[in-house]
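Below are the chains, spelled out letter by letter.
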Amino acid sequence: MKFKKVIIPLFLFGFILSLVFAPVAIAKKDKKGQEQKVIIIPKEVKDVFQEGLSTKEARLDIPFTIEKHLYLPARENLHSIFLFKVKNEDLGFAPIEVPAEPQAQEQKEEAQSVFEETPAKLRANAHVFLQFNTLEGDTPGELIKEVYIPVNMEIDGATYIPDEEGLYSTAYPLPPGDYILSMAITSRNLDKIGTQYFSFTLPAPASFVEQLETTPIFFCRNIERMSAPETKAEIHKGFFTYSVLKIEPNMDNTFSPGDTLDILFFIFGTQPDDAGKYSIEINYEVSKGEEKVIRYAPQGYESPIVSQPLPMKKTVIIKTTKGEETTERKEQKDLEAGSYTLSLNIKDNISGKSLEKLIDFEVK
């Protein structure tokens, strides 16, 4: 089965690895050249963080959950992606107020007395704060970074459902290490503060000398190329960004018949040849229990970053018997509903190292 790898062409590889956000300053110099601390996270939020940091006890003024942590390479750092869920109403979406002339305002008030208007656009009114501390065993250690992210997003008022829980993302590059993230979502005036704590580890790419390893392998619903990379942390609904890529993840690994398995990941521990070129081969198979239902043709890659669409089509043999003569023909059919496993057998042709990965998914 042949198919094209079109999402991340080779020329983007070097550009993607050069991704790095503009650093968030947490110190500045006064007139005498002395360093002064800049307040990134206000005291009200810092105090709440401190109360729950050792026990990871969340504050639920604004309930939210951190669903998944992904990471991809970014220069000497790793681009850490945090996917979280929160209800629309807890992000404080409100109609965008447009200043009106007095007469126009009176007419608007009269109209609203007759029926309730549906605002064309709603804007979120919230803040997000991130605090990264090192983690030594189970004990929070040194403060590494503070990040402030204003929630600047608008949604269509006609489709707004207050209690609908949306998937959101934020990201920040960090060096390898063990961390605990303290995350807060607050109202505009800080009278509501919701917090969560999340422990995670970022591996050192240089440590993979004797074996191969990958970043978390995930499925994508859609990948688009943006005109320019983001240079600061942002909040996005339904997608995250990585360099010039806008990526909509498939969080629950569920698909419909006829969909495509679209995976994205990076391979650590591969080696280039003397000319600086990589040679990687991956064999993909889909199994249902012990039965192999799809075996794809081996795929070759010239970079350690892999973006691969895999059509969910299995080949079936149709036998037809007429009299004493039996003929066979092959047909492509969609996978039926059920639980499946995608296996990846990865081999670095330069070093000879190999690795197997398994990912479960479901067709509904």
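See above for the structure.
Residues numbered from 1 in each chain as written. Predicted model: local features only at pLDDT ≥ 70, side-chain atom pairs only at ≥ 80, totals over all residues. Heavy atoms only, no water.

Following the criterion strictly, the structure yields ten salt bridges and no others. The salt bridge partner of Arg221 is Asp252, with a shortest N-O separation of 3.6 Å. Note that Arg221 is positioned in strand 14 (residues 218-225) and Asp252 in the loop between strand 17 (245-249) and strand 18 (254-255), a separation of 31 residues in sequence. On the basis of relative accessibility, which here comes to 44%, the residue Arg221 falls in the partly exposed class. The partly exposed category is assigned to Asp252, whose relative accessible area is 48%. Here the salt bridges share partners, and the residues they tie into one network are Glu285, Lys292 and Arg295. (Salt bridge = Lys/Arg side-chain N within 4 Å of Asp/Glu carboxyl O. Helix = DSSP H or I, 4+ residues; strand = E, 2+ residues; numbered from the N terminus. Buried < 20%, exposed > 50% of the residue type's maximum accessible area, 1.4 Å probe, protein only.)

We now examine the pairing of strand 11 (residues 177-187). A large share of strand 11 lies buried, amounting to nine of its eleven residues. Pairing of strand 11 with strand 12 (residues 193-202) involves ten bridges; the strand directions are antiparallel. Pairing of Ile185 across the sheet is with Gly194, part of strand 12. Linking strand 11 to strand 12, which pair antiparallel, is a turn of five residues; within it Leu190 sits at a positive phi near 65°. (Pairing = 2+ DSSP bridges.)

Take the side chain of Gln196 next. In this structure, Gln196 sits in strand 12. One polar contact links the side chain of Gln196 to the main-chain carbonyl oxygen of Phe64, over a distance of 2.9 Å. Once you skip the residues sitting within four places of it in the chain, Gln196 turns out to touch Ala58, Leu60, Phe64, Ile66, Leu181, Ser182 and Met183. (Polar contact = N/O pair within 3.5 Å; in protein donor to acceptor, adjacent residues only side chain to side chain. Contact = heavy atoms within 4.5 Å.)

This part is about the nonpolar core. Generally speaking, nonpolar side chains in soluble globular proteins are found buried as a group. Core analysis: the biggest nonpolar cluster contains 51 residues, and Phe84, Phe132, Met183, Ile185 and Ile247 have the highest contact counts within it. If you tally residues by element for this core, the top one is strand 4 (residues 77-87), at six residues. Discounting chain neighbours no more than four positions away, the residues touching Met183 are Phe49, Phe64, Ile66, Phe84, Val128, Phe129, Leu130, Gly194, Thr195 and Gln196. Formed by 28 residues, the second largest nonpolar core is a distinct cluster that contains Leu212, Ile267, Ile282 and Tyr284. (Core = buried A, V, L, I, M, F, W, Y, C linked by side-chain atoms within 4.5 Å.)

Read these as geometric descriptors, not functional statements.
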